[in-house]
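Descriptive structure summary
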Amino acid sequence: MPCCFQSFCCCRFSRAYKYLSICAVLETSCSQVCSQCCACSARPRRTGMPAVAGSLYMASQKKGVPLLPRPPVRPLPVINLSRLTMDSASRALAVQDIVSACRQRGCFQVSAAYLSPCIILCLSSNTCQFASTPHLHVVSHGISKSCMKGALEAASEFFQLSTEHKEEFASDDIRQPIRYDTSSRDGISMSRSFLKHYANPLDDWIKFWPTQPPTYREKMGKYAVETQRVSMQLMEAILQGLGLGPLYLQEKLEGGVQFMALNNYPQSASKTTDEIGLAPHSDYGFLTILLQSSPGLEVMHHDDDAWTPVPAIPGALHVHVGDHLEVLSNGQLKSLVHRAVLNLIESRISIASIHGLSMDEEVHCAEELVDEHHPKMYRGSSFQDFLNFLPANMNKYKRFVESLRIDKP
Ligand SMILES: O=C(O)CCC(=O)C(=O)O
Ligand SMILES: [Fe+2]
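Because the structure is predicted, anything quoted here is derived from the model rather than measured. Within every chain, residues take consecutive numbers counted from 1 along the sequence as written. Here the convention is simple: chains get letters from A, ligands get numbers from 1, in the order in which they are written. Local features in this predicted model are restricted to residues of pLDDT 70 or higher, and side-chain atom pairs are both shown and tallied only at a pLDDT of 80 or more, whereas totals for entire chains, interfaces and linings draw on every residue. Side-chain numbers come from the whole structure's heavy atoms, not from hydrogens or water.

**Some thoughts on the overall build of the chain**
Here a strand is any run of E in DSSP of at least two residues, a helix any run of H or I of at least four, and the numbering for each starts at the N terminus. When its secondary structure is counted, the chain shows 12 helices and 14 strands. A buried classification covers 54% of the 409 residues belonging to the chain. Each residue is assigned to one of three classes by its accessible area relative to the maximum for its type, calculated with a 1.4 Å probe on protein chains only: buried under 20%, partly exposed between the two thresholds, exposed over 50%.

Structure (structure tokens):
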């Protein structure tokens, strides 16, 4: 068993067996650097092995049999959003990057204006795995670090309030404008408490938000407005990339639902197995923009049967495709299945901002994307339909999008 098995990377957030790269120089030794923080000039070996080989690798490790080569690490695309507002050629390339990330992986990250040290290292090393992604452009999404930090602080301070304070918002009525719960009958919550509320337009909803901690409304409000702005930019790009034009649905998107889920997960009690905080699911809206305080989010790419951990790059936001974008694109884009595992080092906060059309507005497959070779794949539905769907889904979780599929004749 290598020395690194089930120990931590130097960043202290990654469980080694999942992330650690075998140093090409030392071969079987452990570099103590996880793939997210790879500063090693000796590139992790890329074997081209299918995802299932990862489990064989793990099995071989557990049984103490000779090492199999490690599965390849596929870095997540990081998109340069500032190119959307540059000249038309730069915008066209950015649109292409965003749509291909949505098509191929179902998600991507957008990062803040600065380069984090690990990415600078990677960019300067042509042997590093990060340098191999065609999508690595690390520039601004325009939300300041202090705004993101403020939102995480506000969420964390809310969850630290006494039970009495939090229970002011306790409800299992999914139609409440704000709702706190420690468990849920949604079929996916395993170990989390959450606060859920709406945010767009802010003036309509902020009156329902907590007044404790005293800065909650200010900090979360600022972050909500900024994420709504980024969601508009991203939707324009995606709709342009799908050939529908950047102004398609613009007004409806501007007045659309922004639903925020603040999640609080305890630290994992197990050092050996993944503990699930939130079971695999996809989100109902067009896009989800997610901010996490530390690693825990994992995604299942469409062409994979393994979980890919999403790094918590400082200043970066994670973006993924939701069920209604799958419907609108008539299946060209697929909603991303994801889950949250408990962090081994600390309790964890995530803020998911889900963006869609207004409550009663139905989302249909865009007519422009339907023809005799591409028949309509989904029936129309609204956010209200999603809320109606949830109670029937409590015991045996099914993805909303699956309930919308039109069966082939
Ligand atoms: O905590 C996470 O990373 C995921 C949260 C999530 O998927 C959700 O709130 O829908
Ligand atoms: Fe989610």
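Moving on from the model shown.
**Brief notes about the coordination of the iron ion (ligand 2)**
Within the protein, H281 (NE2), D283 (OD) and H338 (NE2) serve as the donor atoms for the iron ion (ligand 2), at 2.1 to 2.2 Å. Note on donors: an N, O or S atom is included if it sits within 2.8 Å of the metal, or within 3.2 Å for Na, K and Ca, and water is never included, so sites can look incomplete. Mapped onto the sequence, the residues coordinating the iron ion (ligand 2) show the spacing H-x1-D-x54-H. Of this pair, H281 sits in strand 8 (residues 276-281) while H338 sits in strand 13 (residues 337-341), and the two are 57 residues apart along the sequence. What makes H338 buried here is its relative accessible area of 4%.

**So, the sheet that holds strand 10 (residues 297-300)**
Spatially, 4 strands are ordered 8-13-10-11 in an open sheet, and the strand pairing comes out antiparallel. The outermost strands of the open sheet, each flanked by one partner alone, are strand 8 and strand 11 (308-309). When DSSP finds two or more bridges between two strands, those strands count as paired. Where strand 10 meets strand 13, 4 bridges bridge the pair, whose relative direction is antiparallel. Paired with M300 across the bridge in strand 13 is V337.

**Structural notes on the UniProt feature "domain: Fe2OG dioxygenase" (unreviewed entry) in the chain**
Taken from the UniProt record, the annotation "domain: Fe2OG dioxygenase" (unreviewed entry) applies to residues 256-357. End C-alpha atoms of residues 256-357 are separated by 4 Å, and the span's content is 6% helix alongside 43% strand. UniProt positions are given in the numbering used here, feature names are shortened, and annotations may be inferred rather than shown by experiment.

**Points about the site of ligand 1**
Nearness here has a simple test: a residue counts as near a molecule or strand if at least one of its heavy atoms is within 4 Å of that partner. Surrounding ligand 1, one finds 13 residues, the nearest of these being N263, Y265, H338, R348 and S350. Whenever two N or O atoms come within 3.5 Å, that pair is a polar contact, provided that in protein one can donate a hydrogen and the other can accept it, and provided that, for residues adjacent in sequence, both atoms are side-chain atoms. The side chain of D283 places a nitrogen or oxygen atom 3.2 Å from an oxygen atom of ligand 1. Elements supplying a minimum of two residues to the shell around ligand 1: strand 7 (258-265), strand 8, strand 13 and strand 14 (348-355).

**Here we look at the environment of L278**
Turning to its location among the elements, L278 is positioned in strand 8. Owing to a relative accessible area of 7%, L278 belongs among the buried residues under this scheme. With residues up to four places along the chain from it excluded, the contact list for L278 reads I188, S189, R192, Y265, R339 and A340. Contacts were defined at the residue level, with two residues in contact if any of their heavy atoms lie within 4.5 Å.

**Thoughts on the packing of aromatic side chains**
In this analysis, rings of Phe, Tyr and Trp, with Trp reduced to its six-membered ring, are considered paired at centre separations within 6.5 Å, and the interplanar angle assigns stacked below 30 degrees, edge-to-face beyond 60, and tilted for intermediate values. Under the counting rule described, the total for this entry stands at 15 aromatic pairs. Ring centres of Y198 and F259 lie 5.2 Å apart, and the angle between their planes is 55 degrees; this geometry places the pair in the tilted category. In this pair, Y198 sits in strand 6 (residues 193-198) while F259 sits in strand 7, placing the two residues 61 residues apart along the sequence. Members of the aromatic cluster, joined through ring pairs, are Y198, W205, F208, F259, Y284, F383, F386, F389 and F400. Placement of a positive charge over a ring is assigned whenever Lys NZ or Arg CZ falls within 6 Å of the ring centre and within 35 degrees of the normal to the ring plane. Taking NZ or CZ as reference, K196 lies 4.4 Å from the ring centre of F194, over its face.

**A closer look at the sheet that holds strand 4 (residues 107-110)**
Taken together, 8 strands build an open sheet; the order of strands is 3-4-12-9-14-7-6-5 and the sheet is mixed. Strands at the two margins of the open sheet, each flanked by one partner only, are strand 3 (78-79) and strand 5 (178-181). Across 6 bridges, strand 9 (residues 287-292) lies against strand 14 in antiparallel orientation. Looking at the pairing, Q292 lines up with S350 of strand 14.

**What to know about the pattern of salt bridges**
What counts as a salt bridge is simple: a side-chain nitrogen of Lys or Arg found within 4 Å of a carboxyl oxygen of Asp or Glu. Within the structure shown, the criterion is met by 9 salt bridges. A salt bridge links E153 to K219; the shortest N-O distance between them is 2.9 Å. Remark: K219 occurs in helix 8 (residues 216-241) and E153 occurs in helix 5 (residues 145-160); sequence separation between them is 66 residues. With its nearest N and O atoms 3.0 Å apart, the salt bridge here joins E361 to K252.

**As for the pairing of strand 13**
The buried fraction of strand 13 amounts to 5 of the 5 residues, a majority that puts the element mostly inside the structure. Because side chains alternate across strand 13, one face comprises the buried residues V337, R339 and V341, and the other comprises H338 and A340, equally buried. Pairing analysis gives 3 bridges linking strand 8 to strand 13, with the strands arranged antiparallel. Residue pairing for strand 13: H281 is matched across the bridge by H338.

**Considering the nonpolar core**
Counting residues in hydrophobic clusters, the biggest one holds 76 residues, and the most contacted among them are I98, M220, Y223 and I351. Sorting elements by how many residues they give to this core places helix 8 first, with 11 residues. Once residues lying within four places of it in the same chain are set aside, the contact partners of Y223 are I143, C147, M148, A151, M260, L291, L317 and I351. Among the nonpolar cores identified, the runner-up in size contains 9 residues, and L290, L297, V299 and A352 belong to it. In plain words, nonpolar cores are sets of buried Ala, Val, Leu, Ile, Met, Phe, Trp, Tyr and Cys residues tied together by side-chain atoms within 4.5 Å.

**Observations regarding helix 3 (residues 88-104)**
Here the expected span of a helix is defined as 1.5 Å times the quantity of residues minus one. Relative to the 24 Å expected for 17 residues at 1.5 Å per residue, helix 3 spans 24 Å between its end C-alpha atoms, a close match to the ideal helical length. When helix 3 is considered as a whole, its buried residues turn out to be S90, R91, A94, V95, D97, I98, V99, S100, A101 and C102.

**As for the packing of helix 5 against helix 8**
Lines are fitted to the C-alpha atoms to define the axes, a helix being fitted only along its stretch in contact, and any angle between axes, read from their N-to-C directions, falls within 0 to 180 degrees. At a closest axis distance of 8 Å, the pairing of helix 5 and helix 8 adopts a crossing angle of 135 degrees. It follows from the interaxial angle that helix 5 and helix 8 lie oblique. Of the two possible hands of crossing, helix 5 and helix 8 adopt the one that is left-handed. For the pair helix 5 and helix 8, the contacting residues are C147, M148, G150, A151, E153, A154, A155 and F158 in the first and Y216, K219, M220, K222, Y223 and E226 in the second. Residue type decides the class: Asp, Glu, Lys and Arg count as charged, Ala, Val, Leu, Ile, Met, Phe, Trp, Tyr, Cys and Pro as nonpolar, and the leftover types, Gly among them, as polar. For the contact of helix 5 with helix 8, the residue count by class is 9 nonpolar, 1 polar and 4 charged. In what follows, roughly perpendicular refers to angles from 65 to 115 degrees, roughly parallel to angles under 35, roughly antiparallel to angles over 145, and oblique to any angle outside these ranges. Note: crossing handedness is left-handed where the near helix turns anticlockwise from the far helix by less than a right angle, and right-handed where it turns clockwise.

**Notes on the state of the cysteines**
Defined by distance alone, a disulfide is two cysteine sulfur atoms within 2.5 Å. For the structure shown, the criterion picks out 0 disulfides. C102 provides the cysteine sulfur closest to C107, a residue in no disulfide bond, and the two sulfurs are 8.6 Å apart. We classify C107 as buried; its relative accessible area is 1%. Here C365 stays unpaired: no disulfide links it, and the sulfur of C102, its closest cysteine neighbor, is 17 Å away. By relative accessible area, C365 is classed as buried at 2%.

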